[in-house]
Amino acid sequence: MQAVVLVGGQGTRLRPVTYDIPKSLVPLRNRPFMGYMLDFLRSAGLDGAVLSLGYLPDPIQAYLCDKQDLGGFSVDYAVENQALGTAGGIKNAEKYLDGDTLVVVNGDVLTGMDLARTIEVHRASDALATIVLTSVEDPTAYGLVEVDHEMLVHRFIEKPAADEVTTNLVNAGVYVLEPEVLSMIPPDREVSIEREVFPELQESGRLRAHITSSYWRDIGTPRSYLAASHDVLSGAVGAREGFEYLDVDPSVELGKNVRLLPPVSIAEGCTISALATIGGRSSLGKGSVVGEGAVVEGSILLDGAEVEAGAIVRGSVIGPRARVGNNSIVRGLSVLGAGCVIGEGNVLDQGIRVNPGVVVSPRSLRF
Ligand code: GDD
Ligand code: MG
């Protein structure tokens, strides 16, 4: 059985990180998200995947070309010239599909659910499509799904308004589809599976659901990306084989009296100066630099990021090659784009987003 993985979106809510890195390649514990996705599909016994690409396709293909050992798991690429939406992206992948039952996954979902079991449940039913459901606190950011006690879908409302919320169950972005569903999708135009195809299937009474209570998270916002990173570092989800809470590459240079509080992941070529603290659930990408006495806590530093002496970074994402100046504070879900420079003595907070390459003068921002 094959999967279509939808990875063509622009990752708007994760900007400025996604100006440079497609959402499917953002690292979790220094491994691109796509690695976890492939593990998920392979462990369910699937034979291959077609990646439905649109925005920034090249780095995704380059990542997969580098991967030698996929153990017979095939990977094909369907690249769209213009955004075709979540159903259009599946239709565009049709030429690589074998005409059998297929799995579709949103390419930004990190989950420990039992996909093989969902496939079994689907096969044992008369459904044309089975949607996996998970329960969330606030369904308004998702596709709300109402089901009856036999798991027949009664209503699918994408991004419901607050007064439309009648359940906590939402679309987990994992589907099993019969090939007939592909013929319902008009070719060569933007089509949404959530807004067009699922409501039509629901009306025909052939749309069913399967609830998972396993770990599940959409990594598409700074808050959820950081939370997913924390969860992978703590071992709550992801590969268990060879898992270490203190995941420090042997090439890392550690100064005197550096405090490393696990779980942390520090990739090759990083330099951590004396008296710095790398607090729990942080990950530092290749070649990152942390200056004397600086503190990095619960944060993600992407490759080549620099936190200068005396600076504090908490619960934030620092883009590739971005620099946090001496004694600056970056906290509260701040996100810095690639190569931006935060001059010394600034305070960034409250989810501020600094675009790639922007230079913030010393002591100009304070919350
Ligand atoms: N190929 C292609 N083309 N892929 C696309 C396109 C497109 O035009 N638009 C979006 N995608 C991909 C994204 O890259 C992402 O992996 C996936 O489709 C879902 O898009 P998001 O933009 O992340 O959607 P969402 O998170 O707001 O909502 C979706 O996921 C929720 C679960 O996380 C919906 O399916 C909701 O119903 C669902 O609850
Ligand atoms: Mg999403």
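For the structure, check the block above.
The present account deals with the structure reproduced in this document. (Residues numbered from 1 in each chain as written. Chains lettered and ligands numbered in written order. Predicted model: local features only at pLDDT ≥ 70, side-chain atom pairs only at ≥ 80, totals over all residues. Heavy atoms only, no water.)

### Some details on the coordination of the magnesium ion (ligand 2)
Distances from the magnesium ion (ligand 2) to its protein donors, namely D108 (OD) and D218 (OD), fall within the range 2.1 to 2.2 Å. You can see D108 sitting in the loop between β6 (102–106) and β7 (109–111) and its partner D218 sitting in strand β13 (residues 216–218), a full 110 residues away along the chain. A relative accessible area of 9% means that D108 is categorised as buried. (Donors = N, O, S within 2.8 Å, 3.2 Å for Na, K, Ca; no water. Helix = DSSP H or I, 4+ residues; strand = E, 2+ residues; numbered from the N terminus. Buried < 20%, exposed > 50% of the residue type's maximum accessible area, 1.4 Å probe, protein only.)

### Some words on the sheet that holds strand β31 (residues 347–348)
The six strands are arranged β16-β19-β22-β25-β28-β31 in an open sheet whose pairing can be described as parallel. For this open sheet the edge positions go to β16 (259–260) and β31, each flanked by a neighbour on one side alone. Where strand β28 (residues 329–330) lies against β31, two bridges are found, and the strand directions are parallel. What sits directly across from I329, in β31, is V347. (Pairing = 2+ DSSP bridges.)

### Remarks on the packing of helix α2 (residues 33–43) against helix α3 (residues 57–66)
Two numbers describe a pair of packed helices, the interaxial angle and the distance between the axes. Interaxial distance between α2 and α3 falls to 11 Å at its minimum, and their mutual angle equals 60°. On the basis of their axis angle, the class for α2 and α3 is oblique. Where α2 crosses over α3, the two elements pack in a sense that is right-handed. Mapping the contact onto sequence places M34, G35 and L38 in α2 and I60, Y63 and L64 in α3. The residue makeup of the contact of α2 with α3, split by class, is five nonpolar, one polar and no charged. (Axes fitted to C-alpha atoms, helices over the stretch in contact; angles between N-to-C directions. Parallel < 35°, antiparallel > 145°, perpendicular 65-115°, else oblique. Left-handed = near helix turned anticlockwise from the far one by under 90°. Contact = heavy atoms within 4.5 Å. Nonpolar A, V, L, I, M, F, W, Y, C, P; charged D, E, K, R; others polar.)

### Description of the layout of surface pockets
Space left empty within the atom packing is revealed by a probe, the size of a water molecule, rolled over the atoms. Of the pockets and cavities examined, the second largest pocket occupies roughly 690 Å³. Taken together, the elements giving at least two residues each to the lining of the second largest pocket come down to β3 (31–32), α2 and β17 (264–266). Each residue belonging to the lining of the second largest pocket can be placed in one class, and the counts come to 13 nonpolar, three polar and nine charged. (1 Å grid on protein atoms, 1.4 Å probe; cavity = no way out; pocket = protein on both sides within 12 Å on 5 of 7 lines; lining within 4 Å. Points joined across faces, edges and corners; volume = space filled by probe spheres on them.)

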